[in-house]
Amino acid sequence: MAGAEELLQAAARGHAGVDRRLIQAILDRGDTASAEVLRFVRAPRDGHRVDLDPLLVDLFRHYQSPEALEFFVDAIRRRPEDVDDSLVEAVLPLGEKAVGPLIDLYEELGEEKGSDVAFLLAGLGAREPRVLSLLLDRLEYDAADGAFCLGLYGDPAARPALEKMLAEVPEEEAELRREIAHAMSEFDAPDPHYAPEPFDILGEYPERELPPFQVLSEAERLDMFGWDDPEVRAGAAHSFFNGELHAKSRSALLTLAKSDPEPDVRGRAWESLADAAREDSKDTSIRAAMMAVLNDDSRPVEERGGAAVGLYSVAHRDEVRRGIEALYEEGGKARVKALEAMWRSLWEPYAAYFPPHLNETDPAILREAIRGAGYFRLTRYADKISAFFDRQEPLDDLREDALFAYALAMPGETTRGRVRGMLRKIDSLARLTPEEGDLVMFALDERLRLHGLEPVFQAEEEATEPEPEPEPPAVARKVGRNDPCPCGSGKKYKKCHGAA
């Protein structure tokens, strides 16, 4: 059985997904695993392409390892303005032991980057003059943040400073005055006794997560075509989708498409051969093979559906159209693949297939309907698309698709001068997070491209981009305290409902 260090090394190199199976394998190592994890975090990170800090924090939290304090401080140092929930929950039980290292870290980072460290010091509840002094200094630097932290800290010794600050804040700054008043009201509450909540580490992770193929080289992904796990083979094959294929990759994908024992793997390989199916491809044999698969009713739907998507660039041809329409008529998984092939084709006669499915109960079909309504720019259905902006279940999983589709289909003349106004309108309707803002800007640039115009936001980003630095490892992370609170207040979660 592989040791914890070996398992973590595989995940850090991108050869394993961070999921329950990985964690269970580490936990199965018993009492020795905690020491192995500690050795892993102290070893050099050369060759790591995935940042495992969130997983390591959770492992130490599970093991309740006091030796992990140094690692926690280093993890905060690496991302001081993005300290997530698990790291907070791991540090708080350490109480007074964490005070000195966190004060040193705050002084090292400075006031601008030290907000989350101040929050942690306040949450520790350790009545130390150094902590109070730091938080009072924080109040002078950032009144709202300092008041919040002092209220959380709960030491009445801070009352005079807050009263003085409140007297100096103009009446028109009502929100800041409320923040300060609320902080003072916390001094009258009983001192909170921190009790860590039970932590189920396995419940924090998906049952199955594929390797992060985006961090792997072409050679590594091709090597995965021979792995025993069919899901890995399928994922590795799909990682080549919509990319320019080198001769070696094209040959390997074709072999996989023709010979793999699993239909889903064959289907994913056919999809990724889309580059070889184009009208301008010099070798027509691959396109002919895909057409034969698409129109062979004896083939599994996964394989025919993959061939349909792989043929999207020639979906207007009669022999392809007939196969796609036959898949559509079958319904279920076949219809999902047919709709995907249709919207990717951008062939206008397919536009009529999408509106009827905007009321679909099958989420997979509904997702393709939303995407198709966007790419075919069905403006009359823009309000229908915007209904899926809801962050609440069961619509929350469709929000990103709806934002992208709405940016493509929303009313308004498509010009380079109007896309900023479109971005503002979408933000007013959906209250975009920063990540969603990036998504919508990409979609608006895509809208411009579809109209034969140069992108706006991409050009700005390239114009202001500094010299490229080595990319940091991809982060295996969960939603953190710095994300917008889902209540819609506009505040960060950690300063709204996350402060409870």
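So, a few notes on the structure that sits alongside this text. (Residues numbered from 1 in each chain as written. Predicted model: local features only at pLDDT ≥ 70, side-chain atom pairs only at ≥ 80, totals over all residues. Heavy atoms only, no water.)

Bringing the overall build of the chain into the picture now. The secondary structure content of the chain amounts to 26 helices and two strands. Its C-alpha atoms give the chain principal-axis dimensions of about 80 × 60 × 45 Å. Within the chain, the fraction of its 500 residues that count as buried is 48%. In the chain, the proportion of contacts linking residues at least 24 apart, taken out of those at least 6 apart, comes to 63%. Accessible surface, the chain: about 24700 Å² in total, of which carbon and sulfur atoms supply 50%. With 63 positive and 98 negative side-chain charges, the chain shows a spacing of 4 Å between the two charge centroids. (Helix = DSSP H or I, 4+ residues; strand = E, 2+ residues; numbered from the N terminus. Buried < 20%, exposed > 50% of the residue type's maximum accessible area, 1.4 Å probe, protein only. Contact = heavy atoms within 4.5 Å. Areas by Shrake-Rupley, 256 points an atom, 1.4 Å probe, with all protein chains shown as cover. Lys, Arg positive; Asp, Glu negative; His and termini not counted. Charge placed at Lys NZ, Arg CZ, Asp CG, Glu CD.)

To continue, consider the nonpolar core. Grouped together as the largest cluster of nonpolar side chains are 161 residues, with contacts concentrated most on Phe-72 and Ile-324. Looking at which element gives the most residues to this core, the answer is helix α23 (residues 399–409), with eight residues. Among residues more than four places away in sequence, those in contact with Ile-324 are Leu-294, Ala-308, Ala-315, Ala-338, Ala-341, Met-342 and Tyr-350. (Core = buried A, V, L, I, M, F, W, Y, C linked by side-chain atoms within 4.5 Å.)

A word on the environment of Gly-372. Looking at the secondary structure, you find Gly-372 in helix α21 (residues 363–375). As a C-alpha pair, Gly-372 and Ala-409 span 37 residues in sequence and 9.9 Å in three-dimensional space. When sequence neighbours within four positions are dropped, the list of residues in contact with Gly-372 reads Trp-343 and Phe-354.

Of all the residues in helix α1 (residues 4–12), the buried ones are Ala-4, Leu-7, Leu-8, Ala-10, Ala-11 and Ala-12. Residues of α1 that are buried sit in contact with α2 (20–27), α3 (33–42), β1 (50–51) and α4 (53–63). Backbone geometry just after α1 places Gly-14 at a positive phi near 90°.

Within the chain, Gln-64 stands out as a residue other than glycine whose phi angle is a positive 55°. Relative to the assigned elements, Gln-64 resides in the loop between α4 and α5 (69–78). For Gln-64, a relative accessible area of 67% corresponds to the exposed category. For Arg-431, which is not glycine, the phi dihedral falls at a positive 50°. Here Arg-431 shows up in the loop between α24 (419–430) and α25 (434–450).

As enumerated under the stated definition, the model contains 40 salt bridges in all. Asp-275 serves as the salt-bridge partner of Arg-250, at 3.4 Å between the closest nitrogen and oxygen. With Arg-250 in helix α15 (residues 247–259) and Asp-275 in the loop between α16 (263–272) and α17 (285–294), this residue pair connects regions lying 25 residues apart in the sequence. Overall, the relative accessible area of 25% leaves Arg-250 in the partly exposed class. Each of Arg-45, Asp-51, Asp-53, Arg-78 and Arg-79 takes part in a single network of salt bridges with overlapping partners. (Salt bridge = Lys/Arg side-chain N within 4 Å of Asp/Glu carboxyl O.)

A pair of packed helices is characterised by two quantities: the angle between their axes and the separation of those axes. The contact between helix α10 (residues 143–153) and helix α12 (residues 174–185) brings their axes to 8 Å, and the two run at 20°. As summarised for this structure, α10 and α12 are arranged roughly parallel, according to the angle between their axes. Crossing geometry of α10 relative to α12 is assigned as left-handed. Where α10 abuts α12, its residues Ala-143, Ala-144, Ala-147, Phe-148 and Gly-151 lie against Leu-176, Glu-179, Ile-180 and Ala-183. By residue class, the composition of the contact of α10 with α12 is seven nonpolar, one polar and one charged. (Axes fitted to C-alpha atoms, helices over the stretch in contact; angles between N-to-C directions. Parallel < 35°, antiparallel > 145°, perpendicular 65-115°, else oblique. Left-handed = near helix turned anticlockwise from the far one by under 90°. Nonpolar A, V, L, I, M, F, W, Y, C, P; charged D, E, K, R; others polar.)

Between α1 and α2, the least distance of the axes is 9 Å, while the angle of their chain directions is 160°. Considering their axes alone, α1 and α2 lie roughly antiparallel with respect to each other. The chirality of how α1 crosses α2 is left-handed. For the pair formed by α1 and α2, the contact residues are Ala-4, Leu-7, Leu-8 and Ala-11 on the first element and Leu-22, Ala-25 and Ile-26 on the second.

Moving on, we come to the environment of His-48. Inspection of the secondary structure assignment puts His-48 in the loop between α3 and β1. With 425 residues separating them along the chain, His-48 and Pro-473 place their C-alpha atoms 6.8 Å apart. Non-local contacts of His-48, meaning those with residues more than four positions away in its chain, are made with Gln-9, Ala-12, Phe-40 and Pro-473.

Scanning all chains against the criterion turns up 13 aromatic pairs. Aromatic rings pair up to connect Tyr-328, Trp-347, Tyr-350 and Tyr-353 into one cluster. Note that Arg-221 overlies the ring of Phe-240, its terminal NZ or CZ placed 4.3 Å from the centroid. For the cation-ring pair, Arg-335 lies above Tyr-328, with the distance from its terminal atom to the ring centre recorded as 4.2 Å. (Phe/Tyr/Trp six-rings, centres within 6.5 Å; stacked < 30°, edge-to-face > 60°. Lys NZ or Arg CZ within 6 Å of the ring centre and 35° of its normal.)

Take helix α19 (residues 318–330) next. Counted at 1.5 Å a residue, the expected span for α19 with its 13 residues is 18 Å, and the 18 Å between its end C-alpha atoms agrees. Taken together, the buried residues of α19 touch α17, α18 (301–310) and α20 (332–345). Downstream of α19 by one or two residues, Gly-331 has phi in the positive range, about 75°. (Expected span 1.5 Å × (residues − 1).)

Turning our eyes to something else, we now look at the side chain of Asp-260. Here Asp-260 lies in the loop between α15 and α16. Polar side-chain contacts of Asp-260 include one of 2.7 Å to the side chain of Arg-233. The contact partners of Asp-260, leaving out residues within four places of it in the chain, are Arg-233, Thr-255, Val-265 and Arg-266. (Polar contact = N/O pair within 3.5 Å; in protein donor to acceptor, adjacent residues only side chain to side chain.)

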